[in-house]
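Observations on the model geometry
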Amino acid sequence: MRWWDIDPVLELEKDLFPEDAWSRGMFWSELSHSRGPEATRRYLVAEDADRIVGYAGLAAAGELADVQTIAVSRGLQGTGLGARLLAELLKAATAFECAEVMLECRVDNIRAQKLYERFGFEPIGFRRGYYQPGNVDALVMRLTTEPPSGSAAGSSSVQGTEIND
């Protein structure tokens, strides 16, 4: 993801997460930490016919990485694109030499929870009222082993969709 991707990413963000969408400033802040030798972030976009149809981001600190966001346009949900984005984030966590990857997921987002479980994430707790303003709880999940090498780790493809950083 680059600065010129922020506007189309924001459109997708507001469509998918209308109550708790990230702001332009949040994306700018994250991208400011994604380049150069001191980079601690990895942000990706997925494009289909020059249109952004998904994005994902990871933050690293020491041996701990945190999945900040994963989003896939409504028309491509369930096609494997989310798995491809997650696989790329896990590769980035390995490149950052992180031994553990954490994430928060809405308790009512069962589809995302199943995706994370396929990759080996395990639930470890809750954050009450994490998603505001809806006051929705987050399920906290952790991955402490190497990412799996099977189909869930990114061998599934989405025809015509490219993932770019």
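Residues numbered from 1 in each chain as written. Predicted model: local features only at pLDDT ≥ 70, side-chain atom pairs only at ≥ 80, totals over all residues. Heavy atoms only, no water.

Turning our eyes to something else, we now look at the overall build of the chain. A count of helices and strands for the chain gives four helices and seven strands. Each helix (α) and strand (β) of the chain, taken in turn from the N terminus, gives the series α-α-β-β-β-α-β-α-β-β-β. Taking all contacts inside the chain whose residues are at least 6 apart in sequence as the whole, residues at least 24 apart take part in 61%. Looking at the chain as shown, the accessible area adds up to about 8800 Å², and 48% of this sits on carbon and sulfur atoms. (Helix = DSSP H or I, 4+ residues; strand = E, 2+ residues; numbered from the N terminus. Contact = heavy atoms within 4.5 Å. Areas by Shrake-Rupley, 256 points an atom, 1.4 Å probe, with all protein chains shown as cover.)

With that out of the way, let us pick up the pattern of salt bridges. For the structure on display, the rule yields nine salt bridges. A salt bridge links R24 to D7, with the shortest nitrogen-to-oxygen separation between them at 2.3 Å. Of this pair, R24 sits in helix α2 (residues 24-31) while D7 is found in helix α1 (residues 6-16), placing the two residues 17 residues apart along the sequence. For E88, the salt bridge identified is with K91, shortest N-O distance 3.2 Å. Of this pair, E88 and K91 both sit in helix α3 (residues 81-95), separated by three residues, roughly a single helical turn. Given the relative accessible area of 25%, E88 is considered partly exposed. (Salt bridge = Lys/Arg side-chain N within 4 Å of Asp/Glu carboxyl O. Buried < 20%, exposed > 50% of the residue type's maximum accessible area, 1.4 Å probe, protein only.)

In contact at an axis separation of 10 Å, α1 and α2 are set at 130° when each is read in the N-to-C sense. Comparing their axes, α2 and α1 come out oblique. For the element pair α1 and α2, the recorded crossing hand is right-handed. Taking contact as the criterion, the partners of I6, D7, V9, L10 and E13 in α1 are, on α2, R24, F27, W28 and L31. Split by residue class, the contact of α1 with α2 holds six nonpolar, no polar and three charged. (Axes fitted to C-alpha atoms, helices over the stretch in contact; angles between N-to-C directions. Parallel < 35°, antiparallel > 145°, perpendicular 65-115°, else oblique. Left-handed = near helix turned anticlockwise from the far one by under 90°. Nonpolar A, V, L, I, M, F, W, Y, C, P; charged D, E, K, R; others polar.)

Glancing now at α1. Along α1, the residues that are buried comprise I6, V9, L10, L12, E13 and L16. Buried residues in α1, looked at end-on, bunch into an arc of 165°, giving them a common side. Turned more than 90 degrees away from the buried face of α1, the exposed residues are E11 and K14. On its buried side, α1 packs onto α2, β1 (41-48), β2 (51-61) and β3 (64-72). (Arc of directions from axis to C-beta.)

As a further point, take α3. The end-to-end C-alpha distance of α3, which contains 15 residues, comes to 21 Å, matching closely the 21 Å that a straight helix rising 1.5 Å per residue would cover. Those residues of α3 that sit buried are L81, G82, A83, R84, L85, L86, A87, L89, L90, A92 and A93. (Expected span 1.5 Å × (residues − 1).)

This part is about the packing of aromatic side chains. This structure, assessed with the given rule, holds five aromatic pairs. Geometrically, the ring pair formed by W22 and F27 is tilted, given 4.9 Å between the ring centres and 45° between the ring planes. What makes W22 buried here is its relative accessible area of 15%. Measuring from ring centre to ring centre gives 4.9 Å for Y130 and Y131, while their planes differ by 85°; the resulting arrangement is edge-to-face. Look at Y131 and you get buried, because its relative accessible area is 16%. Its guanidinium or amino end placed over the ring of Y131, R106 lies 5.7 Å from that ring's centre, counting from NZ or CZ. (Phe/Tyr/Trp six-rings, centres within 6.5 Å; stacked < 30°, edge-to-face > 60°. Lys NZ or Arg CZ within 6 Å of the ring centre and 35° of its normal.)

The biggest cluster of nonpolar side chains holds 32 residues, and the ones touching the most others in it are L86, V101, Y116 and F121. Breaking this core down by element, the ones donating at least two residues are β1, β2, β3, α3, β4 (100-106), α4 (110-118) and β6 (136-143). Examining the composition of this core, we find that nine residues originate from one element, α3, more than from any other. When residues no more than four places from it in sequence are discounted, the contact partners of F121 are L86, L90, V101, L103, Y116, M141, R142 and L143. Formed by 14 residues, the second largest nonpolar core is a distinct cluster that contains V9, L10, L16 and Y55. (Core = buried A, V, L, I, M, F, W, Y, C linked by side-chain atoms within 4.5 Å.)

Limitation: the analysis is restricted to geometry and does not speak to function.
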